[in-house]
Amino acid sequence: MTMKQSIAIIGATSTVAISVARKLAAEDVDIYLVGRNEDKLATVAADLAARGSSTHTIVTDLANLDEHAKVLQQIESATHCFIFHSALTDQAAAESDWSMAEASLTINLLSPLSLLHGLANRLEQQKTGSLVVVSSVAGDRGRASNYWYGTAKGALSIHCQGLRNRLAKSGVPVLTVKPGFIDTAMTAHLEKKPAVLWASAEEVADLIVKGWKQQKNVIYTPGFWRFIMWIITRIPETIFKRLSL
Amino acid sequence: MSSNFRSWGTIPHPPQETLRPFWVSELADLFANQAQSLAVGNGRSYGDSCLLQDHPVIQTTQLNRIIRFDRQTGVIQVEPGVKLCDLLTVVVPAGWFLPVTPGTSLATVGGAVANDVHGKNHHTDGSLGCHVLSLDLLTSDRALRTCTQTVHTDLFNATIGGLGLTGIITAVELQLIPINTSWLDVRYQTFPNLEEFARLSTEARDDYRYTVAWMDCATPGSAGRGVLISANHSEQGDLTVGTAAAKFSVPMNCPKYTLNKYSIRAFNALYYQLQKRKEDGVRHEHYQPYFYPLDAIGHWNRVYGKKGFHQYQFLVPLDAMPVMSDILNTITNSGMGSFLAVLKEFGDIASPGLLSFPRPGYCLALDFSERGEKTAALISELDARVREAGGAAYPAKDKLMSADSFQQYYPQWTAFRQHIDPVCSSDFWQRVSNTSVSTHQTQQPDKL
């Protein structure tokens, strides 16, 4: 294929998104960058431009669903859409304060769903393109320590599953990415222990691009998380309740 | 916040607290809030110039974006944490190359500027500082200054080779050099001794952009033999990018008996014979193995075991070749000779860097396993010889340089001192700037 590809990166200032965008930029593509912080977006766009791709930046607060129609219009020529935006939930705050729980659901679930709603309809008609959605291993099983975040990600994973099956008929692959711990700006405040469970954004980005090119359905990044989650989802609830996970 | 940051020499040091900002815009607050700190790159300095006990260092590796790249003029501006290998990935396909590169592509641009690194082309192109068009420097008072050879000149000169002490470099603008291919035409010539090296090196100087020699420092009787490797960018070949990912990795620290004087001698003999075979004709080599052979081996520093090693790099003036011979004998006789010693003739292109290491002369770099007092005594003896010869040792490699030695190697240090940011310091600096032990103390106390 020699035609220039057009890609939208939503949540483009996330550390993993930047790494993914760089890997794609090297292949000479048109890139739409969607994010909240204008200066950061400009920094990312300049970097991608230096790598040879043309860029467009769209500044919006992705938690504001009312803006989504406009955003979808601005990225309507993008055939491949990568959804990265996410915010770690403060579990304790969400437990005590509904507005925190709601905010978490908005940014981690409703916002990607609202965008996917529009994107899916367009791509289904166009019968081309692809969707990549970054969910999380946290959505594979509800745990006492982060079930608010897990709720959003779990629902997002299920949604992508359904969407994948719907869009398969139109030849539009949907990739669900389930990262474990990634060393990023979002997790900068966390202690990186145990070190073997922490992956670099670079490493995760490599796996995402690879999975996307191979039109995978669901990837865990890195792959060993598939094994860890296989075990975790199989622990009987009676035992799971006694573990402090 | 993490504490995994290590100096490349792997000599055990207390955990180094590390802050890792993701955006340049975060730096001003982060920096201003520290009592003491130091910007560091990817931890490729060998000694303690990248360490700061009891205070966090600010690691710039996440500040790794390209700000601007002009494919027509070869001018590139980058954030400080861009690794050289990542920069090459972008510029090589466009027909550009680093004007000066050290022997690893895993160093950051900021670190390379702060150490004013040199390469195999010092005799033709000088050090990296000669190719820096501008630097953006953030100081702990939140001031951001764009420094060039003509604007904030003093700060520009102090920051090049300034060991990170003048503030945090937030952007570096470099003039790249044009290349037609990513390959080099390489010539190998063996030499039996230092005198012959000097002759061959002088001969190669005008015709080859890159020259460097490997020398045997371990085998009694054969010490001083080696191979002069001279190269130019080739007109033949493509513009492929090399991969800096290690082909294999040393999985853990090797046991201490891995490197002993017999294995090191055997290695040197084998290496010499292998290189000798390449002597016929010109060889065509890609830049990756040519410039960065050790990058192919992940964590090669682990071969020295958990005690780590010292690298000692020094130079003596061109007329001090007898001193070099003398030093070579001292090393060989000590039985501590290293398994790769690198010899290079520096040229007379001066760097703007106030505290730069390179100057005209012969420069030798070697590794010594850490053996406590014995190693310290050897390096101290070498320092004495280098001082006497009017030479200098390289701070980026060092953990043992005394304040006396430093202040003699770098008499400009008193002028440099005025440009140090009040928040910046390093273990290296605290050691070498200690005036109480100095015999070269200036008579101006900082405070009355």
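Refer to the structure presented above.
Residues numbered from 1 in each chain as written. Chains lettered and ligands numbered in written order. Predicted model: local features only at pLDDT ≥ 70, side-chain atom pairs only at ≥ 80, totals over all residues.

How would you sum up the overall build of chain B? Please name residues and give values.
Within chain B, the secondary structure is distributed over 13 helices and 21 strands. Its C-alpha atoms give chain B a radius of gyration of 21 Å, within 12% of the compact-globule value 22 Å for 448 residues. Considered along the principal axes of its C-alpha atoms, chain B spans approximately 60 × 55 × 45 Å. Counting only residues that meet the buried cut, chain B has 52% of its 448 residues in that class. Here the analysis covers contacts within chain B between residues at least 6 apart in sequence; of these, 76% occur between residues at least 24 apart. (Helix = DSSP H or I, 4+ residues; strand = E, 2+ residues; numbered from the N terminus. Rg over C-alpha atoms; globule rule 2.2 N^0.38 Å. Buried ≥ 20, exposed ≤ 12 C-beta atoms within 10 Å, placed from the backbone. Contact = placed C-beta atoms within 7 Å.)

How would you summarise the overall build of chain A if you had to cite specific residues and measurements?
A tally of helices and strands in chain A yields nine helices and nine strands. Taken against the 2.2 N^0.38 rule, which gives 18 Å for 245 residues, the C-alpha radius of gyration of chain A at 18 Å falls within 12% of a compact globule. The buried share among the 245 residues of chain A stands at 42%. Excluding contacts between residues fewer than 6 apart, the proportion of contacts in chain A whose partners are at least 24 apart in sequence is 66%.

Let's hear about the sheet that holds strand 5 (residues 130-134) of chain A: which residues, and what values?
Hydrogen bonds between backbone atoms are what pair the strands of a sheet, whose relative direction is either parallel or antiparallel. Residues and elements named next belong to chain A. Reading across from one edge, 3-2-1-4-5-6-9 is the order of the seven strands in this open sheet, with parallel pairing throughout. The outermost strands of the open sheet, each flanked by one partner alone, are strand 3 (54-59) and strand 9 (218-221). Averaged over all pairs of adjacent strands, the angle between strand axes in this sheet comes to 15°, irrespective of strand direction. Judged from the four bridges that link them, strand 4 (residues 80-83) and strand 5 form a sheet pairing that is parallel. Each residue of the ladder has a partner; that of His-80, found in strand 5, is Ser-130. On the sheet, helix 6 (residues 147-168) packs against strand 5 and strand 6 (174-179) and is oriented at approximately 155° with respect to strand 6. (Pairing = 2+ DSSP bridges. Axes fitted to C-alpha atoms, helices over the stretch in contact; angles between N-to-C directions.)

Give me the lowdown on the interface of chain A and chain B, citing residues and values where you can.
Listed as interface residues are 11 residues of chain A and, on the opposing side, 11 residues of chain B. Considering every element that reaches the side of chain A that touches chain B, the biggest residue donor is helix 2 (residues 38-50) of chain A, with six residues. In terms of residue class, the side of chain A that touches chain B is built from four nonpolar, two polar and five charged. (Nonpolar A, V, L, I, M, F, W, Y, C, P; charged D, E, K, R; others polar.)

Please give an account of the sheet that holds strand 18 (residues 309-316) of chain B that cites residues and values.
Residues and elements named next belong to chain B. One open sheet holds the eight strands; their spatial order is 16-12-14-13-19-20-18-21, and the pairing between them is antiparallel. On the outer flanks of this sheet lie strand 16 (283-286) and strand 21 (392-393), each paired with one strand and no other. Bridge count between strand 18 and strand 20 (residues 361-369): eight bridges; the pairing is antiparallel. Residue pairing across strands places Val-316 opposite Tyr-362, the latter belonging to strand 20. Contacts from helix 6 (residues 194-205) reach strand 12 (183-191), strand 13 (210-215), strand 14 (226-233) and strand 19 (341-346), with the element oriented near 5° to strand 14.

For the pairing of strand 8 (residues 132-138) of chain B, give the residues involved together with the corresponding values.
All names here are of chain B. The buried fraction of strand 8 is high, at five of seven residues. By the bridge criterion, six bridges tie strand 8 to strand 10 (residues 168-175) in an arrangement that is antiparallel. Bridged to Leu-138 within strand 10 is Ile-168.

An account of the nonpolar core is requested, with residue identities and associated values reported.
A general tendency of soluble globular proteins is for nonpolar side chains to be buried together. One finds Val-91, Val-113, Val-172 and Ala-213 of chain B to be the most contacted residues of the largest nonpolar core, which totals 126 residues. With six residues, helix 2 (residues 84-91) of chain B is the single largest residue contributor to this core. The next biggest cluster of nonpolar side chains, apart from the first, holds 63 residues, and it includes Ala-12, Tyr-32, Ala-94 and Val-177 of chain A. (Core = buried A, V, L, I, M, F, W, Y, C linked by C-beta atoms within 7 Å.)

Run through the environment of His-159 of chain A, naming residues and quoting values.
All names here are of chain A. Along the chain, His-159 turns up in helix 6. By C-beta crowding, His-159 is classed as buried, having 20 other C-beta atoms within 10 Å. In the structure, His-159 is positioned 50 residues away from Leu-109 in sequence and 9.7 Å away in space, judged by C-alpha atoms.

If you had to explain helix 9 (residues 321-334) of chain B to someone new, which residues and values would you point to?
All names here are of chain B. Compared with the 20 Å implied by 1.5 Å per residue over 14 residues, the 20 Å span of helix 9 between its first and last C-alpha is a close match. In this fold, the buried residues of helix 9 make contact with helix 6, strand 18, strand 20 and helix 10 (373-388). Gly-335 sits one or two positions beyond helix 9 and adopts a positive phi of about 70°. (Expected span 1.5 Å × (residues − 1).)

Run through unusual backbone geometry, naming residues and quoting values.
A cis amide bond, omega -15°, links Thr-221 of chain A with the succeeding residue Pro-222 of chain A. Relative to the helices and strands, Pro-222 of chain A is located in the loop between strand 9 and helix 8 (224-234). In the Ramachandran plot, Gln-215 of chain A falls in the positive-phi region, its phi being about 55° despite a non-glycine side chain. Its location among the elements puts Gln-215 of chain A in the loop between helix 7 (201-213) and strand 9. Owing to 11 C-beta atoms within 10 Å, Gln-215 of chain A belongs among the exposed residues under this scheme. With a phi angle near 50°, His-299 of chain B is a residue other than glycine that sits in the positive phi range.

How would you explain the packing of helix 9 of chain B against helix 10 of chain B if you had to name every residue and give the values?
Residue and element names in this part refer to chain B. Remark: helix 9 packs on helix 10, axes separated minimally by 10 Å, with the N-to-C direction vectors making an angle of 170°. In terms of orientation, helix 9 and helix 10 fall into the roughly antiparallel class. For the pair formed by helix 9 and helix 10, the contact residues are Val-323, Asp-326, Ile-327, Thr-330 and Ser-334 on the first element and Leu-378, Glu-381, Leu-382 and Arg-385 on the second. Taken together, the residues that form the contact of helix 9 with helix 10 break down as four nonpolar, two polar and three charged. (Parallel < 35°, antiparallel > 145°, perpendicular 65-115°, else oblique.)

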